[in-house]
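Spelled out from the first residue to the last, the chains are:
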Amino acid sequence: MRKRTDLTMEGQTLLWFALFFFRSGSGQVSYTIPEEMAKGSLVGNVAKDLGLETKRFISGKARIYTSNSDEYVRLSRERGVLLVKERIDREALCKRTTPCALHFQIILENPMEFYSVTIQITDINDNAPTFEGQKIEFKISESAVSGSKFVLERAVDLDVGTNDLQKYDLNPSDHFALKLHNSADGNKNVEMVLQKPLDREKQEQINLVLTAVDGGEPQMSGTMQIVITVLDVNDNAPVFTQKTYKATVTENSPKGTVVATVTASDADEGSNSKITYSITNTLDDVRKIFIVNRENGEISLIGNINFEESQNFQINLRASDDGGLTDSCKLSVDVQDVNDNKPEISIMSKTNVISEDAKLNTVVTMIHVEDKDTGENGKVNCFILEKIEFSLKSSTNNFYSLVTDSELDRERASEYNITVSCSDEGVLSLSSSVTLTLQISDVNDNAPVFERSSYEAYIVENNTPGLSIFTVKATDADWNQNARVSYILEDSSVNGVPVSSYVSVSADSGVIHAVRSFDYEQIKDFRFHVKAQDGGSPPLSSNVSVKILIQDQNDNPPQVLYPVQTGGSVVAEMVPRSAEVGYLVTKVVAVDVDSGQNAWLSYKLQKATDRALFEVGLQNGEIRTIRQVTDKDAVKQRLTVIVEDNGQPSRSATVIVNVAVADSFPEVLSEFTDSTHDKEYNDNLTFYLVLALAIVSFLFITCLVVIISVKIYRWRQSRILYHSSLPVIPYYPPRYSDTLGTGTLQHVYNYEVCRTTDSRKSDCKFGRAASQNVLVMDPSSTGTMQRMQGEKSILDEPDSPLEVSFLDSFTHICIFSFFIASQLQYTFFFFFFFLLLPSVHKPSNSDRHTHC
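Quick notes on the rules
- Residues numbered from 1 in each chain as written.
- Predicted model: local features only at pLDDT ≥ 70, side-chain atom pairs only at ≥ 80, totals over all residues.
- Heavy atoms only, no water.
- Pairing = 2+ DSSP bridges.
- Helix = DSSP H or I, 4+ residues; strand = E, 2+ residues; numbered from the N terminus.
- Axes fitted to C-alpha atoms, helices over the stretch in contact; angles between N-to-C directions.
- pLDDT = per-residue confidence, 0-100.
- Contact = heavy atoms within 4.5 Å.
- Disulfide = S-S within 2.5 Å.
- Buried < 20%, exposed > 50% of the residue type's maximum accessible area, 1.4 Å probe, protein only.
- Phe/Tyr/Trp six-rings, centres within 6.5 Å; stacked < 30°, edge-to-face > 60°.
- Lys NZ or Arg CZ within 6 Å of the ring centre and 35° of its normal.
- Salt bridge = Lys/Arg side-chain N within 4 Å of Asp/Glu carboxyl O.
- Core = buried A, V, L, I, M, F, W, Y, C linked by side-chain atoms within 4.5 Å.

Visitor: Sorry, what's going on with the sheet that holds strand E43 (residues 541-551) here?
Guide: What holds strands together in a sheet is hydrogen bonding between their backbones, with the strands either parallel or antiparallel. An order of E34-E43-E42-E37 is seen for the four strands of this open sheet, with the pairing classed as mixed. Single-partner strands in this sheet number two, and they are strand E34 (454-460) and strand E37 (485-489). Each strand of the sheet is rotated relative to its neighbour by a mean of 30°, with strand direction disregarded. Across seven bridges, the pairing between E34 and E43 is parallel. Across the sheet, Ala-457 pairs through a bridge with Ile-548, a residue of E43.

So, in structure tokens, the structure goes:
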């Protein structure tokens, strides 16, 4: 079993204390860091260590150059520090090579400088020892003597140093013990030694567990199962003629080339002396490159050998007989180099454009040359083929600088194609070349030109804000900064709104983005202008007209206009039971605010109480009967109609149509009044009826009190006039005058008032005066006025004519109001009773037709 433990944060903290740096000579710096550091971890303050200021890194556009494509470290110009860019796996980077280091250069411009940086990667215990196989089988004769050795498969730990494999444990250890041998290459070969004789009759098979343990912290281990089958009689193990064999092979040798032959012998006879050869290397690439003939021990090539990748191979071989006895040896293969690699030219820094007033010895390009071969095959010389205004200067470690060695004149040459050739010193020299193109800068005399005179683009509505609509492109015939085009959205408005709230333009790429989500139903198209401006001084510009057309999308579901869906009441369509086939019940009316085929609507009957009774017109939404209505059909019919548009994907809306199959309103009312609505309705009705009864009762009592008050008042008046001894001041009609001014009548009149409970039958009887003389006017009299016979005194009337008329009218009005109130009270009572009667008893679905 393979165990693997990730580096914890605490482990990283401890390893950071081991990080150090040192400066080695001018322009070089070295650091040491552990592997598996997290991305963004600090490697070192390279600016401080090199004695440079951070602003020099920014102004010089400092960057890292490495000869290969893998970059594990990045440079932060702003901080002047080196940070881990990618996870560094020491085992993948250097395998078992120690020390393991990264080499790269830091390049600065204006002026151009470079510094060499070396980062040494230290190992951590992140790999557990592993065996190639989970199980190994042995067949051992029971006659094997104590001390017999059996070579076991060696575990491999990719880590190095103390983190590498340290020991093996065997469990159980009743019959066998482990013996370790340190080989010349530092690896540990493990053998299993028989401690006491085997007895097949007692135990035919023995199962052991071999554990490989490393020395890291925390400690990691791997296991392999050993299965031993006890055999009879083979008591001699194979023996190699040498413990170590050596061979040499030239790189790029063809497949099938025989490298070496190993030989082993067995003192046994017959099948026990038959030897089988095998390679026991585990995790390295040996088995992919070499193969051994199982019969004769001949080792040959099956893969390609490259000196630049591996200079030596250690092949572990095993010889086994049929009895299970084995012996092992090692074959060391050295690889010889040949001149098979061309010099590799890398451009570290390159200036494409140079001003024609550049000074002499201005660095234009920095080149690094590398040849993977060794010795004379790896020595490289570089030169320029043409005779031009530039020269190539060499520095240490195969670095070259291309500099100006004479004045430049753009009018004479606006562009240079410089070919740099490099060749090695090996036999059959190999060479490579690179061509550098250098332009001479120009002045700004050309305005940007759009590819088209106007643009027109389409965008589907409901787009995501920030969506790229299309790109406007303008080109400038100038060079460098003078040809750098920036795109600007010119100020304008669309329907009174700034165009910048609709679209934006990328200044660098000319990509037009939608700022908002467009709605086709609100805006169909709009137009604006984009300006292209170069980076010259002064800048030149041009503009172009852009038209954006919004395309409709099916984003609006149909809206049902009829029937109107209300939450508080139920609206039902009446269908008489005499309805014939094709009877038009109602029509579902819906609209869709989209356009085109997105607004084409179709109607379908989704659910219905009785699907065999109704159908819906696919195009017009008309609901018609499809058979004769019968008495067996339920009164309450509920239809669910779905309205779909023709968009992709389609949108829909549903509407519920209540249909009443009945000939009378009470039958419909009992069916479509739900209990909650009835209760609310009855509660409201009860409240208003009670209020009306209270008002009528109040009016009735008020009228009754007024009538009684009037009666009492008139009775009291009559009593006062009848028993009073005070003089009565008469009422004189307009045609009479009191000539004497005494204001007193000489005659007393009596009157009788008859009243009944019915005011309409009340009556007054006036008595005659005691004297029957005719009233005459005597000027000589004492001023007393006399009446003539037949003339009634004004005192015969109980009240004034106006008062009597008012009281009688008011009495009649009160009596009539009392009658009306009584009638209204009875009417409200019966109306309330009949309205509440349906809610007291609602017929069930099973007996509704019977009640109807």
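Visitor: What's the story with the confidence of the model for the chain in this structure? I'm lost.
Guide: As a general rule, the predicted coordinates of low-pLDDT regions are not to be interpreted in detail. Per-residue confidence for the chain gives a mean pLDDT of 78, with 78% of residues at or over 70. Every residue in residues 832-852 scores below 50 in pLDDT, and together they form 23 contacts with partners more than four places removed in sequence or on other chains.

Visitor: How should I be thinking about the state of the cysteines in this particular structure?
Guide: Among covalent bonds in proteins, the disulfide is the one between the sulfur atoms of two cysteines. On inspection of all chains with the given rule, the structure shows two disulfides. Residue pairing for Cys-94: its cysteine sulfur links by disulfide to Cys-100, the two sulfurs lying 1.8 Å apart. Because the sign of the S-S torsion sets the handedness, a value of about 65° for the bond joining Cys-94 and Cys-100 places this disulfide among the right-handed ones. Cys-100 carries the same exposure label as Cys-94, and that label is buried. Between Cys-382 and Cys-422 runs a disulfide, and the two sulfur atoms are separated by 2.0 Å.

Visitor: Sorry if this is basic, but what is going on with the packing of aromatic side chains here?
Guide: For any two aromatic rings, the description comes down to two numbers: the centre-to-centre distance and the angle of the planes. Evaluated as defined, the whole model comprises 14 aromatic pairs. Relative to Tyr-168, the ring of Phe-131 lies with its centre 6.5 Å away and its plane at 55°, an arrangement referred to as tilted. A residue pair is termed long-range when its members are at least 10 positions apart, and Phe-131 in the loop between strand E8 (113-122) and strand E9 (135-141) and Tyr-168 in strand E11 (residues 165-171) qualify at 37 residues. For the pair shown, Phe-131 and Tyr-168 are each scored as buried. Between Tyr-502 and Phe-518, the aromatic rings sit 6.2 Å apart at their centres with planes inclined by 10°, giving stacked as the arrangement. Taken together, the residues Tyr-502 in the loop between strand E39 (497-498) and strand E40 (503-505) and Phe-518 in the loop between strand E41 (511-514) and strand E42 (525-534) connect sequence positions 16 residues apart. Side by side, Tyr-502 and Phe-518 carry an identical accessibility label, which is buried. Here the aromatic residues Phe-450, Tyr-455, Phe-470 and Tyr-487 are joined through ring pairs into a cluster of three or more. Between Arg-516 and the ring centre of Tyr-502, over which it is positioned, the NZ or CZ distance is 4.3 Å.

Visitor: Is there a simple way to think about the pattern of salt bridges in this case?
Guide: Two side chains carrying opposite charge are able to pair once their charged atoms lie near each other. Throughout the structure, instances matching the rule amount to 19 salt bridges. The partner of Lys-39 in a salt bridge is Glu-86, and the shortest N-O contact between them spans 3.7 Å. Of the two residues, Lys-39 sits in the loop between strand E2 (28-34) and strand E3 (42-44) while Glu-86 sits in the loop between strand E6 (81-84) and helix H4 (90-94), which places them 47 residues apart along the sequence. Of the charged contacts in the structure, one is a salt bridge between Arg-63 and Glu-109, with a shortest N-O distance of 2.9 Å. Here Arg-63 is found in strand E4 (residues 63-65), whereas its partner Glu-109 is found in the loop between strand E7 (100-108) and E8, with 46 residues between them in sequence. When its relative accessible area of 25% is taken as the criterion, Arg-63 is described as partly exposed. Residue Glu-109 is classed as buried on the basis of its relative accessible area, which comes to 16%.

Visitor: Explain the environment of Gly-617 to me, please; I cannot follow it from the model alone.
Guide: Note that Gly-617 resides in the loop between strand E49 (614-616) and strand E50 (622-625). Of the residues examined, Gly-617 reaches a relative accessible area of 19% and is grouped as buried. For Gly-617 and Ser-602, which are 15 residues apart along the polypeptide, the C-alpha to C-alpha distance reads 8.3 Å. With residues near it in sequence (within four places) discarded, Gly-617 still touches Tyr-603 and Glu-622.

Visitor: Please explain the nonpolar core as it appears in this structure.
Guide: In this structure, Val-503, Ile-512, Phe-526, Phe-528, Val-530, Val-546 and Ile-548 are the most contacted members of the largest nonpolar core, which totals 29 residues. Excluding residues within four positions of it along the chain, Val-530 makes contact with Phe-450, Val-472, Tyr-487, Ile-488, Leu-489, Val-505, Ile-512, Ser-542, Asn-543, Val-544 and Val-546.

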